[in-house]
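# Descriptive structure summary
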Amino acid sequence: MTKKETHKKSRREVQQDIKHQVEQVTHQVLDVAQHHYHKNLHKVHKTVDKQVDQVRDRLEEFDSWAVEVVNERMENVEKSLEAKVEKVASKVSRNINKTASRIQRAARSAWENLTD
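These numbers come from a predicted model, not from an experiment. (Residues numbered from 1 in each chain as written. Predicted model: local features only at pLDDT ≥ 70, side-chain atom pairs only at ≥ 80, totals over all residues. Heavy atoms only, no water.)

### So, the overall build of the chain
In terms of helices and strands, the chain carries one helix and zero strands. The globule rule puts the C-alpha radius of gyration for 116 residues at 13 Å, and the 49 Å found for the chain is more than 25% above it. With the C-alpha coordinates of the chain rotated into their principal frame, the extents come out at 165 × 15 × 10 Å. In the chain, which comprises 116 residues, the share counted as buried stands at 0%. Taking the average location of the 23 positive side-chain charges in the chain and that of its 19 negative ones, the two points are 8 Å from each other. (Helix = DSSP H or I, 4+ residues; strand = E, 2+ residues; numbered from the N terminus. Rg over C-alpha atoms; globule rule 2.2 N^0.38 Å. Buried < 20%, exposed > 50% of the residue type's maximum accessible area, 1.4 Å probe, protein only. Lys, Arg positive; Asp, Glu negative; His and termini not counted. Charge placed at Lys NZ, Arg CZ, Asp CG, Glu CD.)

Now the structure itself:
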């Protein structure tokens, strides 16, 4: 072998060494990138889980508020209906009393006419 051939071999070896080093660095970079990807993916999952919990809490608060509002409205309607029923019952009672008084007067009048 001549000096040139020896020099060529060492150049080839150098190229192979560089190629090997580039592959190693590429694998290391890919490993680090994959590690960061998984780490960030975990963070994103945690963040999404927290947001879901917050939305769920707000929904429960809204649900409780809605139930309270509906119950208050129902109580108001019930009170209003009770007041109307009392008013109608009072009117009916007065009408019954008036009618009873009229019947009693008519009965007295008829009795008086019969006994005279």
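### Focus on a positive patch on the surface
Residues Lys84, Lys87, Lys91, Arg94, Lys98, Arg102, Arg105 and Arg108 make up a contiguous surface patch of positive charge. Tracing the chain through its elements places lysine 87 in helix H1 (residues 3–115). The exposed category is assigned to lysine 87, whose relative accessible area is 60%. (Patch = residues over 30% accessible without salt bridge, like charges linked within 9 Å, V, L, I, M, F, W, Y side chains within 5 Å. Areas by Shrake-Rupley, 256 points an atom, 1.4 Å probe, with all protein chains shown as cover. Salt bridge = Lys/Arg side-chain N within 4 Å of Asp/Glu carboxyl O.)

### Remarks on a negative patch on the surface
On the surface, a cluster of negative charge is contributed by Glu68, Glu72, Glu75, Glu78, Glu82 and Glu86. Residue classification places glutamate 82 among the partly exposed residues on the basis of a relative accessible area of 43%.

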